[in-house]
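Here's the letter readout for the chains.
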Amino acid sequence: MTQPTRPRPVAPLDLLDVDSLLTEQERDVQRTVRRFCSDRVRPHVADWFAAGDLPVRDLAREMGGLGLLGMHLQGYGCAGTSAVEYGLACLELEAADSGVRSLVSVQGSLAMYALHAYGSEEHKQEWLPRMAAGEAIGCFGLTEPDHGSDPGGMRTRARRDGPDWVLDGTKAWITNGSVADVAVVWARTEDGVRGFVVPTDTPGFTATPVPRKLSLRASVTAELALDGVRLPAGAELPGARGLAGPLGCLTEARFGIVFGAVGAARDCVETALAYTAEREVFDRPLAGYQLTQRKLADMTVALGTSMLLALHLGRLKDAGRLRPEQVSVGKLNNVREALAVAREARTLLGANGITLDYPVMRHASNLESVLTYEGTSEVHTLVVGQALTGHSAFR
Ligand code: FAD
């Protein structure tokens, strides 16, 4: 085999040396999560994906032990890390699989964040320590079969019956839905949209797994049915009024995706670099051809710029200055770029690229969901458009 004529860079996955912009503590968090993924996720994830399942409870307990659940929240057993540390954890988790990162995002940034930001003291005491430890699983029910991008049209209703609340409706595509102990459910009331804390053993609550998914297969997704679910007074989140409540949670989760997508892209670049160095076509390494190098160079540009963008947004968040439209720029760019990187990596692996022996097609397939959930790419385009022009083009 022809050998490379020049030494390869010390860190081909970090050509721009973004690592030098991280603190020792940030690198430490990243290393810890990377090690966890190497030991506990990577050896099994292809099988989980093939089976269409994820051992949510086992993983949650282990991740709880590492402080990864609700890790950027303060108090109640949460680790209280910086936003950048949380982002780097998401990056490493998604480098293993988007489904594993989704588990952590939904638990920490959607369900726990909703309870932390809007819940009563009783809600927080009852749920957050157990959720941080991974002993209780949470889900977040906003989307409905007929209302995804426009949650304002939701039909799920909560009505008063004496002091109680009674909920009726259906929530679709709910991550962790059929394994959750508690659901944060958003419903229309006489007072506008409110959030409710629903223990999943409440009579009238059922969760049915979504079958036949072709994406995010190593993740539990379910439809929730609420049929006369009776909750006591105090089940509502006192701090959330209107759609600003769920949208605040979504901004949190989208931030994690900005970093997570970089992880999926990095894993694809790493795989493509290794594969093209070894694979010989027409009697020499695939890596030596100009067409290959153009692909690898484009993938590396996308990886480096996405990482810089994620880190910049993380620093803004830690400074308390991150705005929702900036998160939209991050999600729009980084998921789009990660998907392009995954598809390009797939071409470099040829037929091997379509198997679960390599991660690239799994990432490409997962990223189709990531492109759609937490606001589709079109929705984020419109958020940015509105920020730029002042005109809302949503309807
Ligand atoms: P639609 O809203 O019907 O959109 C269809 C198409 O129309 C999209 O391309 C969209 O961008 C486009 N579109 C919409 N509005 C406009 C417009 N104004 N102009 C132009 N184009 C437009 N939801 C939860 O609440 N909790 C969860 O835990 C959760 N987990 C999920 C897990 C997975 C694997 C998936 C796939 C989804 C999950 N979702 C969850 C739902 C997700 O948030 C929705 O799928 C998403 O918001 C899009 O809604 P929709 O699928 O109904 O698409």
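To be clear, the structure that these remarks concern was listed above.
Residues numbered from 1 in each chain as written. Predicted model: local features only at pLDDT ≥ 70, side-chain atom pairs only at ≥ 80, totals over all residues. Heavy atoms only, no water.

## A few points about a nonpolar patch on the surface
- On the surface, Leu15, Leu16, Leu21 and Leu308 cluster together to form a nonpolar patch covering roughly 370 Å² of accessible area.
- Considering the arrangement of structural elements, one finds Leu16 in the segment before helix H1 (24-51). (Patch = residues over 30% accessible without salt bridge, like charges linked within 9 Å, V, L, I, M, F, W, Y side chains within 5 Å. Areas by Shrake-Rupley, 256 points an atom, 1.4 Å probe, with all protein chains shown as cover. Salt bridge = Lys/Arg side-chain N within 4 Å of Asp/Glu carboxyl O. Helix = DSSP H or I, 4+ residues; strand = E, 2+ residues; numbered from the N terminus.)

## Topic: empty space enclosed by the protein
- Scanning the model with the defined rule gives one cavity of 30 Å³ or more in all.
- Here the largest cavity defines a volume of roughly 30 Å³.
- If you go around the largest cavity, the residues you meet are Lys331, Leu332, Val335, Val370, Leu371, Gly375, Ser377 and His380.
- Secondary structure elements with two or more residues in the lining of the largest cavity: helix H8 (324-348), helix H9 (360-372) and helix H10 (377-389).
- Along the lines of polarity and charge, the residues of the lining of the largest cavity split into four nonpolar, three polar and one charged. (1 Å grid on protein atoms, 1.4 Å probe; cavity = no way out; pocket = protein on both sides within 12 Å on 5 of 7 lines; lining within 4 Å. Points joined across faces, edges and corners; volume = space filled by probe spheres on them. Nonpolar A, V, L, I, M, F, W, Y, C, P; charged D, E, K, R; others polar.)

## Topic: the site of the ligand
- The environment of the ligand is made up of 17 residues, and the closest members are Thr143, Ser149, Trp173, Thr376 and Glu378.
- The separation between a nitrogen atom of the ligand and a polar main-chain atom of Phe140 is 2.9 Å.
- Within the backbone of Trp173, an N or O atom sits 2.7 Å from a nitrogen atom of the ligand.
- Protein contact buries 68% of the 990 Å² of open area that the ligand shows by itself.
- More than half of the atoms belonging to the ligand lie within 2 Å of the grid points that define the largest pocket.
- Of all elements in the fold, only strand S3 (164-175), H9 and H10 reach the threshold of two or more residues within the shell around the ligand.
- Top contributing element to the shell around the ligand by residue count: S3, with three residues.
- Residue composition of the shell around the ligand, by class: eight nonpolar, seven polar and two charged.
- Of the domains in this structure, domain 2 (138-235) and domain 3 (244-389) are the two that each give at least three residues to the shell around the ligand. (Near = heavy atom within 4 Å. Polar contact = N/O pair within 3.5 Å; in protein donor to acceptor, adjacent residues only side chain to side chain. Sits in = over half its atoms within 2 Å of the grid points. Domains from an automatic or database assignment.)

## Notes on the pairing of strand S7 (residues 221-231)
- The pairing of S3 with S7 spans eight bridges and is antiparallel. Each residue of the ladder has a partner; that of Thr175, found in S7, is Thr221. (Pairing = 2+ DSSP bridges.)

## So, the layout of surface pockets
- Approximately 1,100 Å³ is the volume found for the largest pocket.
- Thr143, Gly148, Leu250, Glu374 and Gly375 are, among the 38 residues lining the largest pocket, the residues nearest its centre.
- Secondary structure elements with two or more residues in the lining of the largest pocket: helix H4 (98-118), S3, helix H6 (244-278), H8, H9 and H10.
- Ranked by residue count, the leading element in the lining of the largest pocket is H4, at five residues.
- The residue inventory of the lining of the largest pocket, partitioned by class, reads 16 nonpolar, 16 polar and six charged.
- There is about 760 Å³ of room inside the second largest pocket.
- Forming the boundary of the second largest pocket are 23 residues, of which Arg8, Leu273, Ala287, Gln293 and Leu296 lie nearest the centre.
- Listed by contribution, the elements that provide at least two residues to the lining of the second largest pocket are H6, strand S9 (284-285) and helix H7 (290-318).
- Here the lining of the second largest pocket gets five residues from one element, more than from any other, and that element is H7.

## Notes on H4
- At Met112, H4 shows its largest bend, some 40°.
- Most of H4 is tucked away, with 19 of its 21 residues classed as buried. (Bend = angle between axes of the 7 residues up to and from the residue. Buried < 20%, exposed > 50% of the residue type's maximum accessible area, 1.4 Å probe, protein only.)

## A closer look at the pattern of salt bridges
- Applying the stated criterion to the full structure yields 22 salt bridges.
- As a salt-bridge pair, Glu92 and Arg34 come within 3.2 Å of each other at their nearest N and O atoms. One end of the pair, Glu92, is in helix H3 (residues 83-96); the other, Arg34, is in helix H1, with 58 residues separating them in the sequence.
- Residue Glu92 is classed as buried on the basis of its relative accessible area of 1%.
- On the basis of relative accessibility, which here comes to 39%, the residue Arg34 falls in the partly exposed class.
- Residue Asp146 is joined to Arg155 by a salt bridge in which the shortest nitrogen-to-oxygen separation is 3.1 Å. In this structure, Asp146 and Arg155 share a single accessibility class: exposed.

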